[in-house]
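# Architecture at a glance
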Amino acid sequence: MNPLQIEEFAELLLSGNRSAAEATVLHWKKTGANQLALFEQLFTPALEHIALLAEARRIGMAEERLGYGLCQWLLCRHEPAEPLEGSGARLVSRKAMLLGLDVEPHDLGMRMDACMFKERGWTTRMYGPVLPLEHAVFGAMQWTPDAVCLHADSPESLPAARAYAEKLLILPWAPSVLLSGRAASLPDLRSLARGEAAIVRSLLELDLWLAEAERELEVEAFNETTG
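Rules of the game
- The residue numbers shown here count from 1 along each chain, following its written sequence.
- Restriction of local features to residues with pLDDT of at least 70 applies here, the model being predicted, together with a cutoff of 80 or more for giving and counting side-chain atom pairs; totals for whole chains, interfaces and linings are based on all residues.
- Excluding hydrogens and water, the side-chain figures rest on all heavy atoms present in the structure.
- Buried Ala, Val, Leu, Ile, Met, Phe, Trp, Tyr and Cys residues form a nonpolar core when they are joined through side-chain atoms within 4.5 Å.
- Categorising residues by exposure relies on relative accessible area from a 1.4 Å probe, with only protein chains included: less than 20% of the type maximum marks a residue as buried, more than 50% marks it as exposed, and the intermediate range marks it as partly exposed.
- We count a stretch as a helix when DSSP gives it H or I for four or more residues in a row; a strand needs E for two or more, and each element gets its number in order from the N terminus.
- Only heavy atoms matter for contacts: two residues are in contact if any of them lie within 4.5 Å across the pair.
- Here, any two strands with at least 2 DSSP bridges between them count as paired.
- Orientation is described by lines fitted to C-alpha atoms, with helices fitted over the stretch in contact, and by angles between N-to-C directions that extend from 0 to 180 degrees.
- Salt bridges are identified by distance alone: a Lys or Arg side-chain nitrogen within 4 Å of an Asp or Glu carboxyl oxygen.
- Take the residue count of a helix, subtract one, and multiply by 1.5 Å to get its expected span.
- The arc in question is the one traced by the directions running from the helix axis out to the C-beta atoms.
- For the purposes of these results, a polar contact is taken to be a pair of N or O atoms within 3.5 Å, where, inside protein, one atom must be able to donate a hydrogen and its partner to accept one; residues adjacent in sequence count only when each atom of the pair is a side-chain atom.

### Here we look at the nonpolar core
In terms of nonpolar packing, the biggest core is built from 42 residues, with Phe 9, Leu 13, Phe 39, Phe 43, Leu 74, Phe 117 and Leu 206 touching the most fellow members. Looking at this core, the elements with two or more residues in it are α1 (3-14), α2 (18-30), α3 (35-55), α4 (61-78), β1 (95-100), α5 (108-119), β3 (147-151) and α8 (203-226). No other element matches α3, which puts 9 residues into this core. Among residues more than four places away in sequence, those in contact with Leu 74 are Phe 9, Leu 13, Ala 21, Glu 22, Val 25 and Phe 43.

Here you go:
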């Protein structure tokens, strides 16, 4: 998508033009775009453009919030359903818990992460931003997710990411722990939870991690059936 089209989509979000914005999304889906393509090539560039406009004070807070709100509405409206059968059926028992570590007025990044899991057949639960660590551990103990995805965009959230990852990795069933968001692209993250947490620097890397998890599950299923 060229920059002009990105700016046009961003303007639709900022103006609250729900029908035209949704028509753009539907057009992309009609041409075969999956969640990764929608997010990487349409939503994320448009949100980045809105952020730049806000930083340059070319738009006010009301317009910025309106744009984010419409984007969230579109994500909710077009997110994959929790699959019960079909292409993702073999992964339906896998569960992903998603937490946001930033104090933000929206949860767009975490919601995109959740959509990526859903498209691969995972059942997801979103626990919102800045859930206190003890409550996050309690929620995980209650639900026993196979993976916990920590979404952080701000560098200030990295100490919390380390603390959460260390506690979650030692849970009895040893869930996978991932760090996603812009903070995952910061240098010197190898020390995060002694290197045991997965760092996914983009939605593409998250998709690759999910594909690998699917392959591992298929191998386990094959080994079980062949004895």
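### Details of the sheet that holds β1
If you walk across this open sheet you meet the 5 strands as β2-β1-β3-β4-β5, and the pairing is parallel. Strands at the two margins of the open sheet, each flanked by one partner only, are β2 (123-129) and β5 (198-199). In this sheet, β5 lies alongside strand β4 (residues 176-180) in parallel orientation, the contact comprising 2 bridges. Across the sheet, the residue bridging to Leu 178 is Ala 198, located in β5. The strands touched by helix α6 (residues 133-143) are β1 and β2; relative to β1, the strand with the most contacts, the crossing angle is about 170°.

### Comments concerning the pattern of salt bridges
Tallying each qualifying case throughout the model produces 7 salt bridges. Its salt-bridge partner being Asp 207, residue Arg 120 comes within 3.4 Å of it at the nearest N-O pair. Of the two residues, Arg 120 is situated in the loop between α5 and β2 and Asp 207 in helix α8; the sequence distance between them amounts to 87 residues. For Arg 120, a relative accessible area of 23% gives the class partly exposed. Look at Asp 207 and you get buried, because its relative accessible area is 15%.

### Notes on α1
The end-to-end C-alpha distance of α1, which contains 12 residues, comes to 16 Å, matching closely the 16 Å that a straight helix rising 1.5 Å per residue would cover. Inspection of α1 places Ile 6, Phe 9, Ala 10, Leu 13 and Leu 14 among the buried residues, and these make up the whole buried set. End-on, the buried residues of α1 take up no more than an arc of 140°, which puts them together on one face. Buried residues belonging to α1 abut α2, α3 and α4. Regarding α1, its N-cap is Asn 2, as a side-chain oxygen of that residue lies 3.0 Å from the backbone nitrogen of Leu 4 further along.

Shape is all these values report; function is a separate question.
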